[in-house]
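# Secondary and tertiary structure notes
Below are the chains, spelled out letter by letter.
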Amino acid sequence: MWPIFHKLGSPPWLYAIAGSILRWLLPITLLALVTGAVWGLLFTQPERIQGNSYRIIYIHVPAAVVALAGYYVMALAGAVSLIWRMKMADVAMKAAAPVGAAFTFIALFTGAIWGKPTWGTWWVWDARITSMLILFFLYLGVVALYEAFDNKEAASKACAVLSLVGMVNIPIIYKSVDWWYALHQGATIKFTGESSIDSSMMYPLLLMIGAFYALFTCCLLLNMRVEILQRESRTQWVKKLATKAGRP
Amino acid sequence: MYFDSLQAALEMQGHGMFVWPAYSVTIAVIALLVITPLLRRRKVLRQLEAQARRAQGAPAGRAGGER
Amino acid sequence: MTAPAAGQFCLRLLRRQLLLAVRRPVEIGNPLLFFAMVVALFPLGLGPAPGTLAGFASGVLWITALLSNLLTSDAVFRSDFEDGSLEQLLLAPQPLFLSVLAYIGAHWLTTGLLLALVSPVFALMLNLSTAALGALVASLLIGTALLSLIGGIGASLTVGLKRGGMLISLLILPLYMPVLIFGSAAVQAAVSGLPAGPYLAILGAMLCLAIALAPLAMAAGLRISIDA
């Protein structure tokens, strides 16, 4: 276990391994995304109550699931970088923030579009939507804090603290928003039961959830590679890489 | 395939105007997520390469001028 | 000469902060004035009908208290950061955990406590039912302490930045939201004749959690800001 831990702390090793993972993971992910989307869009039956609009589920739910998981990835990476002073964890945390924000945005946007035919309105202050919105703010806060520092090392430490504070708060926010919604519920919106989802609709959904997890991993690795290059730009191995890449 | 024709798939019984924009925005965001780091990586590498060439090209004269 | 014990040191720090605040009474008055002005904005925006105002009063008062707390929390560590005494504090043998609590305590005593005490006046101006006044004061007393602690985290992270003002709001407003929910729910419950106790109990529980954890984050944040 320890050798791997040490290797993870080595930028050239991580850069190379991320590259070789991406070489096969990225095509597979894109293939899975296309397959899942086509399957969900064209080859499944429409839902009994919502009709065809339910097909948005194949991007909405995976994006929401991964957006939440992404915050934990970011916060855990932050914790590792604070506790063990591992610089590469810091890189992972910095890379995760914009990706997570983008996934949260996808979840919110597709949710709003889905709301129009289902509930008759673009936006509802429902518990889950509201906590997703707050999650979006938390992600943007981390991005904004990172950009505000000139000293990038301090920036990532500060972001690590902030994302840990956010992680402690996420369950509290989630529970309190849930409670708040129960207090104010207007009884105008009825959610259709989710457990009744048919297995023929379930398989493409599971595929899409897997694909979105893989996509998050890919984006994380892609961003980490750029970040590593930027941080290590003074070192010999990066210079060698640059001269090799620049040659036609 | 569930739909009979391309037309039917695009319309989705009136829900196409919601489903297709949702998917296209998602595709756009994903494309942005994947392409931006690739472009940035190329840019960083090019900059470093140019820097190295400049440093190599005129070592004595430039070094004196910069410092 | 021996260093004072941690508790004694903490009290001295609290006294120092309070003394500094008392020497500038205008700075203490500013958040209250802000509170009064923002409260006055709502009737202008929503219309003066007493019924409408009473319906919104709990939320208006809580949001206003939250905003005035937010605006003051940026300054908690700022002047001590600029004159270097914060750096001395980091070097002191006493645990930073308690020292930052003294800063936050002083901040709460000079903003949150006073806001809670004057809030009934504004509540009456907004036609909040008198039955809810007790719940309002109690929820603000607990809630603003919580807000001060959370705001302190944001302040510690941004104290080293020149343009921290807007940023701190972006960082801590999402974390303020649970406090707002339970604070205004307590008042709302009292308005409709239900017991406010459960909400106050939850606010109290969150306060306990924040007292235990927020100083850790603040101490880490201050160390980062000083190093940067």
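Since this is a predicted model, take the numbers as computed values, not measurements. (Residues numbered from 1 in each chain as written. Chains lettered and ligands numbered in written order. Predicted model: local features only at pLDDT ≥ 70, side-chain atom pairs only at ≥ 80, totals over all residues. Heavy atoms only, no water.)

For the rest of this paragraph, the subject is the interface of chain A and chain B. Each side of the interface is counted separately: chain A has 46 residues, and chain B has 28 residues. Taking both partners together, chain A and chain B bury about 3,300 Å²; carbon and sulfur atoms supply 79% of that area. Of all residues in chain A, the largest losses of buried area upon contact with chain B belong to Leu-41, Leu-42 and Asn-52 of chain A, amounting jointly to 17% of the total for that side. Viewed at the interface, chain B and chain A are joined by 0 salt bridges. Here chain A is connected to chain B by 3 residue pairs in polar contact (both at pLDDT 80 or more). Elements that contribute at least two residues to the side of chain A that touches chain B include exactly helix 2 (11-42), helix 3 (57-84), helix 4 (87-119), helix 7 (199-231) and helix 8 (236-246) of chain A. (Contact = heavy atoms within 4.5 Å. Buried area = accessible area lost by both parts, 1.4 Å probe. Salt bridge = Lys/Arg side-chain N within 4 Å of Asp/Glu carboxyl O. Polar contact = N/O pair within 3.5 Å; in protein donor to acceptor, adjacent residues only side chain to side chain. Helix = DSSP H or I, 4+ residues; strand = E, 2+ residues; numbered from the N terminus.)

Any empty space left between atoms is shown by rolling a water-sized probe over those atoms. A complete count under the given rule lists 1 cavity of 30 Å³ or more for this structure. Space inside the largest cavity adds up to approximately 40 Å³. Lining the largest cavity are Tyr-71, Phe-137, Leu-138, Gly-141, Val-142 and Leu-162 of chain A together with Leu-170 and Leu-171 of chain C. Elements with a minimum of two residues in the lining of the largest cavity: helix 5 (127-148) of chain A together with helix 9 (165-191) of chain C. No other element matches the 4 residues that helix 5 of chain A contributes to the lining of the largest cavity. (1 Å grid on protein atoms, 1.4 Å probe; cavity = no way out; pocket = protein on both sides within 12 Å on 5 of 7 lines; lining within 4 Å. Points joined across faces, edges and corners; volume = space filled by probe spheres on them.)

Mapped onto the elements, Glu-227 of chain A comes out in helix 7. Apart from the residues lying within four places of it in its own chain, the contact partners of Glu-227 of chain A are Val-91, Lys-94 and Tyr-146 of chain A together with Arg-40 of chain B.

Right, let's talk about the arrangement of the chains for a bit. Contacts are most numerous, across the 2 pairs of chains in contact, for chains A and B. No part of chain B reaches chain C; the closest C-alpha pair between them is 24 Å apart.

Residue and element names in this part refer to chain B. Averaged over all residues, the pLDDT of chain B equals 78, while 84% of them reach at least 70. The least confident element of chain B is helix 3 (residues 59-66), whose mean pLDDT is 46; the most confident is helix 2 (residues 16-57), at 87. Scored below 50 in pLDDT, residues 60-67 makes 2 contacts in the model with residues more than four places away or belonging to other chains. (pLDDT = per-residue confidence, 0-100.)

What follows is about a nonpolar patch on the surface. All names here are of chain A. Together, Val-34, Val-38, Trp-39, Phe-43, Tyr-203 and Leu-206 make up an exposed nonpolar region whose accessible area comes to about 580 Å². Residue assignment for the nonpolar patch shows that the elements contributing at least two residues are helix 2 and helix 7. Top contributing element to the nonpolar patch by residue count: helix 2, with 3 residues. Within the secondary structure layout, Phe-43 lies in the loop between helix 2 and helix 3. Judged by its relative accessible area of 44%, Phe-43 is partly exposed. (Patch = residues over 30% accessible without salt bridge, like charges linked within 9 Å, V, L, I, M, F, W, Y side chains within 5 Å. Areas by Shrake-Rupley, 256 points an atom, 1.4 Å probe, with all protein chains shown as cover. Buried < 20%, exposed > 50% of the residue type's maximum accessible area, 1.4 Å probe, protein only.)

Our next topic: the interface of chain C and chain A. Contact residues are listed per partner, giving 24 residues for chain C and 25 residues for chain A. Of all residues in chain C, Leu-157, Leu-175 and Ile-224 of chain C give up the largest surface area on contact with chain A, accounting jointly for 23% of the area buried on that side. Seen at the junction of chain C and chain A, the total is 0 salt bridges. Counting only elements with at least two residues in the side of chain C that touches chain A, the list comes to helix 8 (133-158), helix 9 and helix 10 (197-227) of chain C. Per-element accounting of the side of chain C that touches chain A gives the leading share, 10 residues, to helix 9 of chain C. A breakdown of the residues in the side of chain C that touches chain A according to their chemical character gives 22 nonpolar, 1 polar and 1 charged. (Nonpolar A, V, L, I, M, F, W, Y, C, P; charged D, E, K, R; others polar.)

The packing of two helices is summarised by the inter-axis angle and the distance between the axes. At a closest axis distance of 9 Å, the pairing of helix 4 of chain A and helix 2 of chain B adopts a crossing angle of 175°. With respect to each other, helix 4 of chain A and helix 2 of chain B are oriented roughly antiparallel. Along its contact with helix 4 of chain A, which presents Val-99, Ala-102, Phe-103, Phe-105, Ile-106, Phe-109, Thr-110, Ile-113, Lys-116 and Pro-117 of chain A, the element helix 2 of chain B presents Phe-18, Pro-21, Ala-22, Val-25, Thr-26, Val-29, Ile-30 and Leu-33 of chain B. Each residue belonging to the contact of helix 4 of chain A with helix 2 of chain B can be placed in one class, and the counts come to 15 nonpolar, 2 polar and 1 charged. (Axes fitted to C-alpha atoms, helices over the stretch in contact; angles between N-to-C directions. Parallel < 35°, antiparallel > 145°, perpendicular 65-115°, else oblique.)

What follows deals with the nonpolar core. In this structure, Phe-103, Leu-145 and Phe-212 of chain A together with Leu-61, Phe-77 and Leu-128 of chain C are the most contacted members of the largest nonpolar core, which totals 171 residues. Among all residues touching Phe-77 of chain C, those that are not within four sequence positions of it are Leu-86, Val-100, Tyr-103, Gly-152, Ala-155, Ser-156, Val-159, Met-218 and Leu-222 of chain C. (Core = buried A, V, L, I, M, F, W, Y, C linked by side-chain atoms within 4.5 Å.)

Let's shift gears to the environment of Leu-96 of chain C. Residue and element names in this part refer to chain C. By the element assignment, Leu-96 lies in helix 6 (residues 96-110). In this structure, the C-alpha to C-alpha distance between Leu-96 and Val-26, residues 70 residues apart in sequence, is 29 Å. Residues contacting Leu-96, with those up to four places away along its chain left out, are Leu-89, Leu-90, Ala-219 and Arg-223.

Another point: the side chain of Ser-119 of chain C. Tracing the chain through its elements places Ser-119 of chain C in helix 7 (residues 112-125). Excluding residues within four positions of it along the chain, Ser-119 of chain C makes contact with Phe-35, Leu-136, Val-137 and Leu-140 of chain C.

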